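These are the residues of each chain, in order.
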Amino acid sequence: MIKLYMALLHYPAYNKNKEIVATSIVIHDLHDMSRAARTYGVKTFYVVQPMEEQKKVVSRIVHFWQTVGYEYNPNRLDAISVMDVKDSLFDVIKEIERKEGEKPLIIGTSAKEREKLVTYEFVSRELKNNHPVLVCFGTGWGIPEEFERNFDGFFPPIVGITDFNHLSVRSATSIILDRIINTYKSCSSNDSLSG
């Protein structure tokens, strides 16, 4: 299994006034991102949420699919089996480092241009060379810039053919995972690791 991880950051996040907040859990994000993660071989899909009341929402969803929902759709329980909740991104990084014996390469995503862009080929080669990679997705109005300093690089924004650019995070997740895995399947671990 490849060492691919992903995290949905409910904290820290900007609100529309550029204040740093914790955003609310969106049930559809958890369902759809778990399904994408399970489909594309993500080892763990971390939901970063420090608020206790919000974590209870996640627990209720998991409990539903472990009990009543399992009889209706057992595939959903398989999908959410890759999901885990952590209080902070640092907790996520520490856990991956403990599991894999090294710190993951941390890649951010954004609808806006960022410095330190990396290619899908670069990330795929890191995975081919058995290095852990953590892809971070933001919520609200994006990940605060001062927090982005922890990232090793960013994927380029997903761009359509109109001036409208406002994908849901669950849509962006599926597109990005598809690009990673299809590039992974076609790249060689012997290629240069330059981004």
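Residues numbered from 1 in each chain as written. Predicted model: local features only at pLDDT ≥ 70, side-chain atom pairs only at ≥ 80, totals over all residues. Heavy atoms only, no water.

Draft legend 1. Up close: the overall build of the protein. Across its full length, the protein holds eight helices and eight strands. Its C-alpha atoms give the protein a radius of gyration of 16 Å, near enough to 16 Å, the size a compact globule of 195 residues would have. If you line up the protein on its principal axes, its C-alpha atoms span 50 × 40 × 35 Å. The contacts of the protein with a sequence gap of at least 6 include a subset with a gap of at least 24, amounting to 81%. Accessible area for the protein stands at about 10300 Å²; split by element, carbon and sulfur atoms hold 50% of it. (Helix = DSSP H or I, 4+ residues; strand = E, 2+ residues; numbered from the N terminus. Rg over C-alpha atoms; globule rule 2.2 N^0.38 Å. Contact = heavy atoms within 4.5 Å. Areas by Shrake-Rupley, 256 points an atom, 1.4 Å probe, with all protein chains shown as cover.)

Draft legend 2. Local environment of the confidence of the model for the protein. Confidence along the protein averages 92 in pLDDT terms, with 96% of residues attaining 70 or more. Overall, residues 191-195 carries pLDDT values under 50, and its contacts beyond four positions in sequence, including any with other chains, amount to ten contacts. (pLDDT = per-residue confidence, 0-100.)

Draft legend 3. Quick look at the pattern of salt bridges. Taken as a whole and judged by the stated rule, the model has 16 salt bridges. Each member of the salt-bridge network shares a partner with another, and the members are Asp84, Lys86, Glu95, Arg98 and Lys99. (Salt bridge = Lys/Arg side-chain N within 4 Å of Asp/Glu carboxyl O.)

Draft legend 4. Expanded view of helix α2 (residues 52-66). Taking 1.5 Å of rise per residue, the 15 residues of α2 would be expected to cover 21 Å, and the 21 Å separating its terminal C-alpha atoms lies within 8% of that figure. For α2, the set of buried residues is Gln54, Lys55, Val57, Val58, Ile61 and Trp65. Relative to the axis of α2, the buried residues are bounded by an arc of 145° and lie together on one face. Opposite the buried face of α2, by more than 90 degrees, sit the exposed residues Glu52, Glu53 and Arg60. Residues of α2 that are buried sit in contact with α1 (27-39), α3 (68-72), α4 (74-80) and β5 (83-86). (Expected span 1.5 Å × (residues − 1). Buried < 20%, exposed > 50% of the residue type's maximum accessible area, 1.4 Å probe, protein only. Arc of directions from axis to C-beta.)

Draft legend 5. The pairing of strand β6 (residues 105-108), seen in detail. Of the two faces of β6, both are covered, the one formed by Leu105 and Ile107 as well as the one formed by Ile106 and Gly108. With four bridges joining them, β6 and strand β7 (residues 133-138) adopt parallel strand pairing. Its bridge partner being in β7, Ile106 is matched across the sheet by Leu134. Here two bridges tie β6 to strand β8 (residues 153-154), and the two strands are oriented parallel to one another. (Pairing = 2+ DSSP bridges.)

Draft legend 6. Layout of the packing of α1 against helix α8 (residues 169-186). It is the contact of α1 with α8, at a shortest axis distance of 9 Å, that shows an interaxial angle of 5°. One finds that α1 runs roughly parallel with respect to α8. For the pair α1 and α8, the contacting residues are His28, Asp29, Asp32, Met33, Ala36 and Ala37 in the first and Val169, Arg170, Thr173, Ser174 and Leu177 in the second. (Axes fitted to C-alpha atoms, helices over the stretch in contact; angles between N-to-C directions. Parallel < 35°, antiparallel > 145°, perpendicular 65-115°, else oblique.)

Draft legend 7. Highlighting unusual backbone geometry. Cis rather than trans, the peptide bond between Tyr11 and Pro12 has omega equal to -5°. Mapped onto the elements of the fold, Pro12 is located in the loop between β1 (4-9) and β2 (13-14). The backbone of Lys116 sits at a positive phi, close to 60°, despite the residue not being glycine. Here Lys116 lies in the loop between β6 and α6 (120-128). A residue is classified by how much of its surface remains accessible, and Lys116, at 44% relative accessible area, is partly exposed. A positive phi angle, near 70°, is found at Asn130, a position not held by glycine. Residue classification places Asn130 among the partly exposed residues on the basis of a relative accessible area of 43%.

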